[in-house]
Amino acid sequence: MAESLDSQVIIGIMNVVATIFALWKIDHFGRKPLLITGVIGMMISLLCIAAVFFAGSDGSPLLVVCILVYVTFFAFSFGCVTWTLLSEIYPTHIRGRAMSIATLSLWCGTFVVGQAFPWLLENLGGAGVFVLFALMCLPAIIIAWKFLPETKGKTLEEIERFWLRKAH
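Let me begin by describing the structure that accompanies this report.

Cut-offs and rules
- Residues numbered from 1 in each chain as written.
- Predicted model: local features only at pLDDT ≥ 70, side-chain atom pairs only at ≥ 80, totals over all residues.
- Heavy atoms only, no water.
- Axes fitted to C-alpha atoms, helices over the stretch in contact; angles between N-to-C directions.
- Helix = DSSP H or I, 4+ residues; strand = E, 2+ residues; numbered from the N terminus.
- Parallel < 35°, antiparallel > 145°, perpendicular 65-115°, else oblique.
- Contact = heavy atoms within 4.5 Å.
- Nonpolar A, V, L, I, M, F, W, Y, C, P; charged D, E, K, R; others polar.
- Core = buried A, V, L, I, M, F, W, Y, C linked by side-chain atoms within 4.5 Å.
- Buried < 20%, exposed > 50% of the residue type's maximum accessible area, 1.4 Å probe, protein only.
- Expected span 1.5 Å × (residues − 1).
- Patch = residues over 30% accessible without salt bridge, like charges linked within 9 Å, V, L, I, M, F, W, Y side chains within 5 Å.
- Areas by Shrake-Rupley, 256 points an atom, 1.4 Å probe, with all protein chains shown as cover.
- Salt bridge = Lys/Arg side-chain N within 4 Å of Asp/Glu carboxyl O.
- Left-handed = near helix turned anticlockwise from the far one by under 90°.
- Phe/Tyr/Trp six-rings, centres within 6.5 Å; stacked < 30°, edge-to-face > 60°.
- Lys NZ or Arg CZ within 6 Å of the ring centre and 35° of its normal.

Quick notes on the packing of helix H5 (residues 95-135) against helix H6 (residues 137-146)
- H6 packs onto H5 with a crossing angle of 10 degrees between their chain directions and a minimal axis gap of 4 Å. The orientation of H5 relative to H6 falls into the category roughly parallel. Where H5 approaches H6, its residues Phe133, Ala134 and Leu135 are matched on the opposing element by Cys137, Leu138 and Pro139.
- Partitioning the contact of H5 with H6 into residue classes produces six nonpolar, no polar and no charged.

The structure is reproduced here in structure tokens:
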């Protein structure tokens with residue numbers, strides 16, 4: 001029990017530290033590089049978690065290390081950059097509604113993953129679930145690389161003009 005609680009505290013601390021790092025450096029590195037780097041790191045760490053399960057070492061400290069790496073990459077990418085990008089990429093006249101829809105979508109996705117996880121674990125096993133999650137990072141990398149604009153150093157009006165040019 002104490003080891004479990006210690007692991008949760010360490011994971012929480014890493015989450016906070018990585019989020020603070022992202023908030024501090026988001027304007028230096030840019031949204032897109034942080035997001036792509038973070039999702040690639042998430043994918044690799046998820047594959048490492050799958051390998052730990054595949055090796056039957058799911059009770060080892062190595063699993064906690066892999067989870068810490070995942071949480072770190074998540075915190076400075078999806079955990080922080082997503083909210084910054086969402087608040088920047090929508091035109092002013094629809095920003096409130098668009099953010100509401102985006103937030104609802106994110107929480108619905110979180111709910112679906114949380115509800116599906118026990119079933120996936122039972123049917124795919126630990127290794128299979130984390131390989132599946134790693135594969136789900138690929139579309140995120142492609143979308144961020146191909147379609148998302150870099151918003152670093154741009155005004156909201158410049159970002160809106162980018163989308164208007166894309167539409168024509």
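Next, the rest of the story.
Some words on the nonpolar core
- Among the nonpolar cores identified, the biggest contains 28 residues, and Leu35 and Leu46 are the most heavily contacted of them.
- Taken together, the elements giving at least two residues each to this core come down to helix H1 (2-29), helix H2 (31-54), helix H3 (61-75), helix H4 (81-89), H5 and H6.
- Here this core gets ten residues from one element, more than from any other, and that element is H2.
- Dropping the residues within four chain positions of it, Leu35 is found in contact with Ser77, Phe78, Val81, Thr82, Leu85, Ala144 and Leu148.

Here's the deal with H3
- Along its 15 residues, H3 runs 21 Å from first to last C-alpha, staying within 8% of the 21 Å computed at 1.5 Å per residue.
- Buried within H3 are the following residues: Leu63, Cys66, Leu68, Val71, Thr72 and Ala75.

Some remarks on a nonpolar patch on the surface
- Side chains of Leu47, Val131, Leu135, Leu138 and Ile142 sit close together on the surface and give an oily, nonpolar patch of about 400 Å² of accessible area.
- Looking at the nonpolar patch, the elements with two or more residues in it are H5 and H6.
- With respect to the secondary-structure elements, Leu138 resides in helix H6.

Things to note about the pattern of salt bridges
- Applying the stated rule across the entire model yields two salt bridges.
- Across the pair Asp27 and Arg31 runs a salt bridge, and its minimum N-O distance is 2.7 Å.
- Owing to a relative accessible area of 51%, Asp27 belongs among the exposed residues under this scheme.
- Judged by relative accessible area, Arg31 falls into the buried class, the value being 6%.
- Across the pair Arg31 and Glu88 runs a salt bridge, and its minimum N-O distance is 2.7 Å.

Some points on the packing of H2 against H6
- It is the contact of H2 with H6, at a shortest axis distance of 9 Å, that shows an interaxial angle of 165 degrees. It follows that H2 is roughly antiparallel to H6 by the angle criterion. When the axes of H2 and H6 are compared, the crossing they make is left-handed. Note on element contacts: H6 touches H2 through Cys137, Leu138, Ala140, Ile141, Ala144 and Trp145, opposite Lys32, Leu35, Ile36, Val39, Ile40, Met42, Met43 and Leu46.

As for the packing of aromatic side chains
- Tallying each qualifying case throughout the model produces ten aromatic pairs.
- Taking 5.5 Å as the distance between ring centres and 20 degrees as the angle between the ring planes, the aromatic pair formed by Phe53 and Phe130 counts as stacked. Linking Phe53 in helix H2 with Phe130 in helix H5, this pair joins segments that are 77 residues apart in sequence.
- We classify Phe53 as partly exposed; its relative accessible area is 25%.
- Overall, Phe130 belongs to the buried group, its relative accessible area being 13%.
- Of the aromatic side chains, those joined through ring pairs into one cluster are Phe21, Trp24, Phe29, Phe73 and Phe76.
- Cation over ring: Lys25 sits above Trp24, and NZ or CZ is 4.3 Å from the ring centre.

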